[in-house]
Structure formats: structure tokens, C-alpha cells
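# Structural description and commentary
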Amino acid sequence: TQSVSKKKNVVLIGGIILITNSLLITNNFFSQLNIYLFVIFLLGLFSDLYNFLEAKIKFLLIFTLSFIFLYYNHSYLIGTISIKLIDENFLNLLFVKIIFTSFCLTLYISGNNMIDGINGNSIGHSILVLSMICFVVIDKHQIDFMELKSNIYLIYVFIILIIFNFFNKLFLGDNGSYLSGGYVALTTIFLVGFYDLNPFIASIFLFYPCFEVLSSIIFKKKSFKAGKTHLHHK
């Protein structure tokens with residue numbers, strides 16, 4: 001790619017490395033999940049290359065793409081948050097589940113992009129979340145770690161990326177942070193539902209990037225724009 005960091009002339013190829021490795025280990029190149037992640041990656045890549053869209057527009061585009069994907073893939077929906085009042089009166093409706101999950105997914109992807117302002121922050125968070133969700137699943141169900149081999153493989157990829165990132169040799173860019181955010185969030189939601197884990201696990205693991213965006217909105221810190229007023233810089 002010709003996209004480079006304006007400050008340090010570092011190539012923003014994190015997403016290209018991630019998408020290449022994720023496609024190498026998939027059983028179906030044209031699955032709806034892979035198509036969704038690839039389109040999210042392309043949105044980030046065009047943002048890195050041309051920067052022609054406002055951040056709020058990209059937020060709406062991610063929400064729209066997420067809504068379309070989740071409309072046809074209910075296994076990735078957040079079905080419960082273990083709060084009886086909300087579960088019984090709101091999340092029992094399919095349309096509400098789709099809207100709610102789309103918003104949470106968009107919030108996480110945007111937050112993952114936001115926290116990438118500091119080296120190792122976004123990649124390190126992805127490593128921690130994927131490692132812990134795999135550990136919880138293996139520990140609770142005593143399954144063979146090979147059942148989660150795709151996630152474990154990508155953890156090693158993230159570890160390689162974070163080494164280069166710490167030494168300013170590689171940045172994720174929007175393409176990498178969007179892609180990693182979508183993958184980590186959807187993987188966590190799916191595994192929590194598939195293995196019947198406590199939904200608060202997903203909330204705890206995915207809370208930090210979402211909190212970055214929400215805190216910026218609450219304290220009016222130009223939540224959709226880059227800058228050093230965000231929580232991770234503080």
C-alpha cells in the first residue's frame with residue numbers, strides 16, 4: 001500500500017497482514033463473516049489512503065454494514081445482558097437485538113480505532129481479549145485448544161504485529177483497527193453465546209474501547225476525531 005503515517009512515514013499495513021492471515025486459515029473465503037470483515041477492512045483502507053469521509057459518516061457506514069450482516073447472522077447477536085427487565089422487555093425482540101448489537105459492534109470498532117493512537121494499545125487489547133476468551137472457553141468446557149486454533153493462530157499474528165508496532169515499524173491504521181475490532185468483538189460475542197458463558201464476560205472484555213468513545217461523547221472531547229484529549233492519552 002502507498003498509505004503511510006504522516007508523522008513517521010510508517011506504512012499502515014496492519015490490516016493487510018491481518019486480512020491475509022485470516023483468509024489463509026478460513027474454511028470458506030466467501031462466508032458472510034469474511035465478506036463483512038473484508039468490507040470493513042476496505043472502508044478503513046480507503047480512509048487511510050484518501051481520508052475523504054468524515055468520522056461520523058464512517059460511524060454510520062459501519063453501523064449500516066453491521067446491521068446488514070447481523071440481520072442475516074443471528075448467531076452473532078447479543079441475546080441477553082443478564083438484566084431481567086431489559087432482557088424480557090427489549091432483547092426478546094429480534095429487531096431490537098439487531099439494532100442493539102449493531103450499535104455495540106460499531107461502538108467497539110470505532111473505539112478500537114480511537115485507542116490505536118498509542119502504540120500497542122489496540123493490538124495489546126486484542127491480544128488480551130482473544131487470549132482470555134479462549135482461556136475461559138477451554139477452562140469451562142475442557143475442550144481441546146485445537147477447536148479454537150483460528151483464534152490462537154491470530155493471537156500469534158497480533159504478537160508479531162505488536163513487536164513491530166512498539167518499535168514504530170508498523171501501524172494498524174484505520175484498516176487494521178477496523179478489521180481487528182470487528183473480528184475480536186464478533187468472536188467474543190459468538191463464543192459467549194455458543195458456549196453459554198455469562199454475558200457479562202463479553203461486557204467486561206469489550207468495555208474499554210467502547211468506554212473511550214462514550215467518555216469522549218459525555219465530556220465533549222471531539223469523540224469522532226483524532227487528538228490528544230481522549231482518555232488513553234490522559
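The following refers to the structure shown. Predicted, not measured: the structure shown is a model, and the values here were computed from it.

Conventions we followed
Residues numbered from 1 in each chain as written. Predicted model: local features only at pLDDT ≥ 70, side-chain atom pairs only at ≥ 80, totals over all residues. Heavy atoms only, no water. Axes fitted to C-alpha atoms, helices over the stretch in contact; angles between N-to-C directions. Helix = DSSP H or I, 4+ residues; strand = E, 2+ residues; numbered from the N terminus. Parallel < 35°, antiparallel > 145°, perpendicular 65-115°, else oblique. Left-handed = near helix turned anticlockwise from the far one by under 90°. Contact = heavy atoms within 4.5 Å. Nonpolar A, V, L, I, M, F, W, Y, C, P; charged D, E, K, R; others polar. Buried < 20%, exposed > 50% of the residue type's maximum accessible area, 1.4 Å probe, protein only.

For the rest of this paragraph, the subject is the packing of helix α5 (residues 94-114) against helix α8 (residues 173-194). Running from N to C, α5 and α8 cross one another at 140°; their axes reach a closest spacing of 8 Å. Here α5 is positioned oblique relative to α8, judged by the angle of their axes. Between α5 and α8 lies a crossing whose hand is right-handed. Within the contact between the two elements, α5 uses Thr101, Leu105, Tyr108, Ile109, Asn112 and Asn113 and α8 uses Gly173, Asp174, Ser177, Tyr178, Ser180, Gly181, Gly182, Val184, Ala185, Leu186 and Ile189. Considering only residue class, the contact of α5 with α8 consists of eight nonpolar, eight polar and one charged.

Moving on to unusual backbone geometry. Backbone geometry at Gln142 places phi at a positive 55°, although glycine is not the residue there. Among the secondary structure elements, Gln142 is positioned in the loop between α6 (121-141) and α7 (149-166). Despite not being glycine, Asn168 has its phi angle at roughly 60°, a positive value. Among the structural elements, Asn168 can be located in the loop between α7 and α8. Looking at Asn168, the relative accessible area reads 28%, which means it is partly exposed.

Turning our eyes to something else, we now look at the side chain of Thr188. Position of Thr188 relative to the elements: it lies in helix α8. By relative accessible area, which is 0% here, Thr188 ends up buried.

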